[in-house]
Amino acid sequence: MKILTAVLGASVIVVAGCSAPPTATSGTLRVGIVSLAQSDTLDPAAATTAGGYAIAAQLYDTLTEYGPDGKLRPRLAESVEPGKTADEWTVRLRDASWQNGDPVTAKDVVATIQRWFDQKLPPTTLVPFIDPAKIDVPDQHTLVFHLKYPTTTFSDAFTSPTAAIVPAGFDPKHPVGSGPYALDDFDPGVRVTFKADEHYWNGAPHSKTLEFVSFADGSSEVNALLGKQIDVASQVDPALVSTVKADQSLQVSSFPSSGTLTWVMNVQQKPFDDPVVRQAFRLAVDRQQLIDQVYDGYATLGNDYFSPFDPLYDHDLPQRTYDPNRAKAVLQAAGYTAPVTVQLVGTDNRPTSERQNQLLIQQAAAAGFDVQFKQVDQATFYGDAYGTYPLSLSYWGFLDIFDQAAETITKDAPYNSSHWTDPQYDKLFDQAVQTIDEPARADLVHRMQKIEYDSGAYVVPVFLDSVTAHTANVEGFEAYPNTDGPNGYHFDTLTDKG
Amino acid sequence: MTTREPSEARLIAKLLGRRLAIGVVMMIVVSLLVFTLTQALPGDIVRQVLGQTATPGQITRLRAELGLDKPLVVQYLHWLGGMVSGDFGSSLASHTPVADLLASRIQNTATLVAITIVITVPLAVALGVLSARRPGGVADHLVSASAQLVLSLPEFVVGIIFILLFATNVTKVLPPTSVLDSRLPAIAQPELLILPVLTLAVTASPYLIESVKTAMREQLVSEHVRWARLSGIGENRVIVHFGLRNALPSSIQVAAMTVAYLLGGTVAIETVFSFPGLGAELVDAVAARDIPVVQAIVMIVGAASLVGYILADLAVILLTPRVRTAVA
């Protein structure tokens, strides 16, 4: 086990002294969200919206989560450890209780997973390696999973808010979870009110009441903060930061995240069916200018592959930089006459999406590309034509390297809208997920990333900072680089001194 | 007199009946339009609900679950039949009955519009009369210039200007957004209503003021007003009894149009203030392709406007003997 602990690194995770500071619970923390929607659900397994994820993170616990350093840590689990091979995993639960006072048991975890498979809910795609019939429960706090095939991604798969653990006999209409806050009132698309669970295993939440308030857009949300109608404005557009900073009673907390708006080059469409054009296009993007002009500095450089906070991320590949002349030369050498026309489709999947696309048009023009941009609304973008755009801007991130690959890069990836495949890459992926020896695994992953870097179909130009604005009274913000939400959605540890 | 009144009442009933019949036909036309146009929206609710990470299997299952795999004619008849019996169907996004979902939104928007009308109509009549009294005078110029200014600005810009003036930049006396608490009636949260009402009132009143002014001007230069003045009747009495009384019928029709305009104006204004009403819900529902909700809101707004027009017609008939007898 000692060797395994050493070699598995991030995979073996054991709870590190759970400290619960006795903080007085008081007041109401009001958090702005852009935007809640009618489709926000109280069923974590069915959540697909930003609001649904934020709600799930209050009501429920996941077995594991990405902590303030971006690394995996246990949450409802006390430890998650592989057996001698990566096809057997043992999960030990901590002492926790449901919001109705009943204890959380291993049987509830089995019931949660059984529910995913019985009702064919989305989390089943996170854990294709689990056979729900092959989970042993040696005691109330222990589960032993016998997987269909070995994988080192077992503990990462449970970080998604959709994989939250619910009690046996769960009814989404009357949700009960083991999270820091219980549901008080639900007005879909407008407001969600929670009350603190004083008996939460990580200590009573610092605010007695938590409120999510929906705003139609980022400027309304910031207005509400200026008017002290809310205490925290989540996911603030960098363009609005100066407005916030002009008010002495407000502060901005930000941290780099693994979230990215990535350009997807469709290899089934012209001109990106030609790898040479893809290579030239990656030289046509001025990443630093994007950071300066679109993000006001609230972003970090990307290098065309994902998951910068994964311990296996290769930081040594040379940073790709803007080189319009070389891009032109590459195109010319391949027999293209400038400008090469590219159809780009975008939507407002992030507040900065349109600005990022607009700036690309200028940058790429100097590199011999004529980018013709069409902005559509989200329902159209993610509609039937999704996956047919020659070039599009997608929002991804907050996944480890293997999950990101399994979702968007490998041959079987369900959301690989670039349609790029590479047998060598797939082979390395299959090998890497089964490799327990960490140096060997890192080597395989670096080879995967080299392939993405050299000939992949994504332009990962920058990673976005998570920017939260709040009144100076609210304290306790930490960086959660692998979680899509302010303070990693951990509103229970924020203190409002006002 | 005893023989005339029942027949007059019967005439009015007949007229009203005809208006209602036309109204029903119009609602059916509206329903056809709404249904076909919402079907023509690009994009797909199923993908919206399931998100970027939907698999084809999940899409097919949800489509069947929502009845979206049936022929359009069947879907239309089913929808129309439901609506006649007061069943607006279920939201595709939240699976809750549309009626439950819209109940508090209808109350919020109705409160907003009602307060705005109560403020706007007397104000517009007063300003219209004031500027009609001395065409080209100071009051006339001031009112016209402000009306021109307001008319040149989109509603949301007026809303943003008021936010800057009263909530965020110049002064901070009012709340900048109006996310009502659904556990309380809208009227119990008056501070959240002030800016949306103000914006709606300011953007809607130019039309009403202009129509009162025009109608009053016509009256004030008419024969009977000149006769009244020559008879030595006081100017205020002339304006109220001889001017306004006769200018009112045409203004009532404009007022009815203003109600329809206000209902439309709520779309932009509710969005600016994040006000949870029908207008903001319509924007969200269109974005989410939540077709039953879109259809229900458009039908409700259409029906409300139609009722407004019919009531205005009725008021005009009752106020104008000429129209009453013309019917006969």
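These notes cover the structure that comes with them. Counting restarts for each chain: residues are numbered from 1 in the order of the written sequence. Chains carry letters from A onward and ligands carry numbers from 1 onward, assigned in written order. Thresholds applied to this predicted model are a pLDDT of at least 70 for local features of residues and 80 or more for the giving and counting of side-chain atom pairs; totals over whole chains, interfaces and linings are not thresholded and use all residues. To obtain the side-chain values, all non-hydrogen atoms of the structure were included, while hydrogens and water were left out.

### Structural notes on a nonpolar patch on the surface
What goes into a patch is any residue over 30% in relative accessible area without a salt bridge, connected to like charges within 9 Å or, for nonpolar side chains (Val, Leu, Ile, Met, Phe, Trp, Tyr), within 5 Å. For every accessible area listed, the method is Shrake-Rupley and the probe measures 1.4 Å; residues are considered covered only by the protein chains on display. Note on definitions: salt bridges are taken to be side-chain nitrogens of Lys or Arg within 4 Å of carboxyl oxygens of Asp or Glu. A cluster of nonpolar side chains, contributed by B:Val25, B:Val29, B:Leu33 and B:Leu37, occupies part of the molecular surface with about 370 Å² of accessible area. Locating B:Val25 in the fold gives a position in helix 1 (residues 4-39). Under the scheme used here, helices are H or I runs from DSSP no shorter than 4 residues and strands are E runs no shorter than 2 residues, and both carry numbers assigned from the N terminus.

### Observations regarding the nonpolar core
All names here are of chain A. Residues belong to a common nonpolar core when they are buried Ala, Val, Leu, Ile, Met, Phe, Trp, Tyr or Cys residues joined through side-chain atoms within 4.5 Å. Burial classification: accessible surface area is computed with a 1.4 Å probe over protein chains only, and a residue below 20% of its type maximum counts as buried, one above 50% as exposed, and the rest as partly exposed. If you look at the biggest cluster of nonpolar residues, it comprises 34 residues, and the most contacted ones within it are Leu63, Val91, Ile130, Leu143, Phe145 and Phe154. Those elements giving two or more residues to this core turn out to be strand 5 (77-82), strand 6 (88-93), helix 3 (106-118), strand 8 (142-146) and helix 4 (154-157). The greatest single-element share of this core, amounting to 5 residues, is contributed by helix 3. Counting 33 residues, the second-largest nonpolar core is a separate cluster that includes Phe272, Tyr295, Ala367 and Phe398.

### Thoughts on the packing of helix 9 (residues 223-230) of chain B against helix 10 (residues 235-272) of chain B
Residue and element names in this part refer to chain B. In the contact formed by helix 9 and helix 10, the axes pass within 10 Å of each other and the chain directions differ by 160 degrees. When the axis of helix 9 is compared with that of helix 10, the two are roughly antiparallel. The chirality of how helix 9 crosses helix 10 is right-handed. In this structure, helix 9 contributes His224, Val225, Trp227, Ala228 and Arg229 to the contact, and helix 10 contributes Glu235, Val238, Phe242, Gly243 and Asn246. Orientation is described by lines fitted to C-alpha atoms, with helices fitted over the stretch in contact, and by angles between N-to-C directions that extend from 0 to 180 degrees. Oblique is the label for any angle not under 35 degrees, not over 145, and not in the 65 to 115 range, which are roughly parallel, roughly antiparallel and roughly perpendicular in turn. Each crossing gets its handedness from the near helix: less than a right angle anticlockwise from the far helix is left-handed, clockwise is right-handed. Two residues qualify as a contact provided that any one of their heavy atoms is within 4.5 Å of a heavy atom in the partner residue.

### Let's talk about the sheet that holds strand 17 (residues 369-375) of chain A
Picture the strands of a sheet paired through backbone hydrogen bonds; they go either parallel or antiparallel. Residue and element names in this part refer to chain A. Two strands make a pair as long as DSSP finds a minimum of two bridges between them. Pairing is mixed across the open sheet formed by 5 strands, whose spatial order is 17-16-18-14-19. With partners counted over all chains shown, the strands left at the sheet margins are strand 17 and strand 19 (458-459), one partner each. Along the sheet, helix 7 (residues 275-283) makes contact with strand 14 (260-265), strand 17, strand 18 (391-396) and strand 19, crossing strand 17 at roughly 80 degrees.

### A few points about unusual backbone geometry
Residue and element names in this part refer to chain A. Look at the link from Val34 to Ser35: it is a cis peptide, with omega at -10 degrees. Among the structural elements, Ser35 can be located in the loop between strand 2 (28-33) and helix 2 (50-59). Pro271 follows Lys270 through a cis peptide bond whose omega is 0 degrees. Examined against the element boundaries, Pro271 turns out to sit in the loop between strand 14 and helix 7. Even without glycine at this site, Lys228 takes up a positive phi of about 60 degrees. Residue position: Lys228 is located in the loop between helix 5 (218-226) and strand 12 (232-233). Phi at His419 is positive, roughly 60 degrees, even though this residue is not glycine. Within the element layout of this structure, His419 appears in the loop between helix 12 (401-408) and helix 13 (423-434).

### What to know about the environment of B:Gln107
Residue and element names in this part refer to chain B. The residue Gln107 is located in helix 5 (residues 98-133) in this model. Taking the relative accessible area as the measure of exposure, Gln107 reaches 52% and is therefore exposed. Placed 169 residues apart in sequence, Gln107 and Pro276 show a C-alpha to C-alpha distance of 10.0 Å.

### Comments concerning the pairing of strand 6 of chain A
Residues and elements named next belong to chain A. The alternating pattern of strand 6 places Trp89, Val91 and Leu93 on a buried face and Glu88, Thr90 and Arg92 on a face that is not buried. Direction of pairing for strand 5 relative to strand 6: antiparallel, over a ladder of 5 bridges. Considered in strand 6, the bridge of Ala77 is made with Leu93. Counting the residues that bridge the hairpin from strand 5 to strand 6 gives 5 residues. Sheet topology places strand 6 next to strand 8; 5 bridges connect them, and they run antiparallel. In the sheet register, Arg92 faces strand 8, and the bridge partner there is Thr142.

### Describing the packing of aromatic side chains
Residue and element names in this part refer to chain A. Ring pairs shown here join Phe, Tyr and Trp side chains whose ring centres sit within 6.5 Å, with only the six-membered ring taken for Trp; geometry is labelled stacked below 30 degrees between planes, edge-to-face above 60, and tilted in between. Under the counting rule described, the total for this entry stands at 30 aromatic pairs over all chains. A centroid spacing of 6.1 Å and a plane angle of 50 degrees characterise the contact between Phe129 and Phe154, whose relative ring orientation is tilted. In this pair, Phe129 is assigned in the loop between helix 3 and strand 7 (135-139) and Phe154 in helix 4, connecting sequence segments 25 residues apart. Here Phe154 falls in the buried class, since its relative accessible area comes to 0%. A ring is scored as having a charge over it whenever the NZ atom of a lysine or the CZ atom of an arginine sits within 6 Å of its centre and within 35 degrees of its normal. The positively charged end of Arg94 is found above the aromatic ring belonging to Trp201, 3.7 Å away from the centroid. Arg320 extends its terminal NZ or CZ atom over the ring of Tyr453, reaching a point 4.1 Å from the ring centre.

### Concerning the environment of A:Ala329
Of note, A:Ala329 is situated in helix 9 (residues 324-333). The spatial distance from the C-alpha of A:Ala329 to the C-alpha of A:Pro318 is 20 Å, given a sequence separation of 11 residues.

### Here's the deal with the interface of chain B and chain A
At the interface, 37 residues of chain B touch 36 residues of chain A. Simply put, the buried area is the total loss of 1.4 Å probe accessible area from both parts when two parts are fitted together. When the two sides are added together, the surface that chain B and chain A hide from each other amounts to roughly 2900 Å², 48% of it contributed by carbon and sulfur. Linking chain B to chain A there are 3 salt bridges. Its salt-bridge partner being B:Lys172, residue A:Asp247 comes within 3.3 Å of it at the nearest N-O pair. Whenever two N or O atoms come within 3.5 Å, that pair is a polar contact, provided that in protein one can donate a hydrogen and the other can accept it, and provided that, for residues adjacent in sequence, both atoms are side-chain atoms. For the pair chain B and chain A, the interface holds 11 residue pairs in polar contact (both at pLDDT 80 or more). Among the elements of the structure, helix 2 (45-50), helix 3 (56-65), helix 5, helix 7 (155-168), helix 10 and helix 11 (278-287) of chain B are those that each provide at least two residues to the side of chain B that touches chain A. Looking at the side of chain B that touches chain A element by element, the count peaks at 4 residues for helix 2 of chain B. Three classes are used: nonpolar for Ala, Val, Leu, Ile, Met, Phe, Trp, Tyr, Cys and Pro, charged for Asp, Glu, Lys and Arg, and polar for all others, with Gly counted as polar. Taken together, the residues of the side of chain B that touches chain A sort by class into 15 nonpolar, 13 polar and 9 charged.

### Quick look at the pairing of strand 7 of chain A
Residues and elements named next belong to chain A. The pairing of strand 7 with strand 8 spans 3 bridges and is antiparallel. The residue bridging Asp136 from the neighbouring strand is Val144, located in strand 8. Connecting strand 7 to the next strand, strand 8, in antiparallel fashion are 2 residues.

### With respect to helix 13 of chain A
All names here are of chain A. A helix's residues, less one, multiplied by 1.5 Å, set its expected span. For helix 13, with 12 residues, the first-to-last C-alpha span of 17 Å sits near the 16 Å given by 1.5 Å per residue. Listed as buried for helix 13 are Tyr425, Asp426, Leu428, Phe429, Ala432 and Val433. Here the buried residues of helix 13 occupy an arc of 160 degrees about the axis, which is enough to place them on one side. Among the exposed residues of helix 13, those oriented more than 90 degrees off its buried face are Pro423 and Lys427. In this description, the arc belongs to the directions extending from the helix axis to the C-beta atoms.

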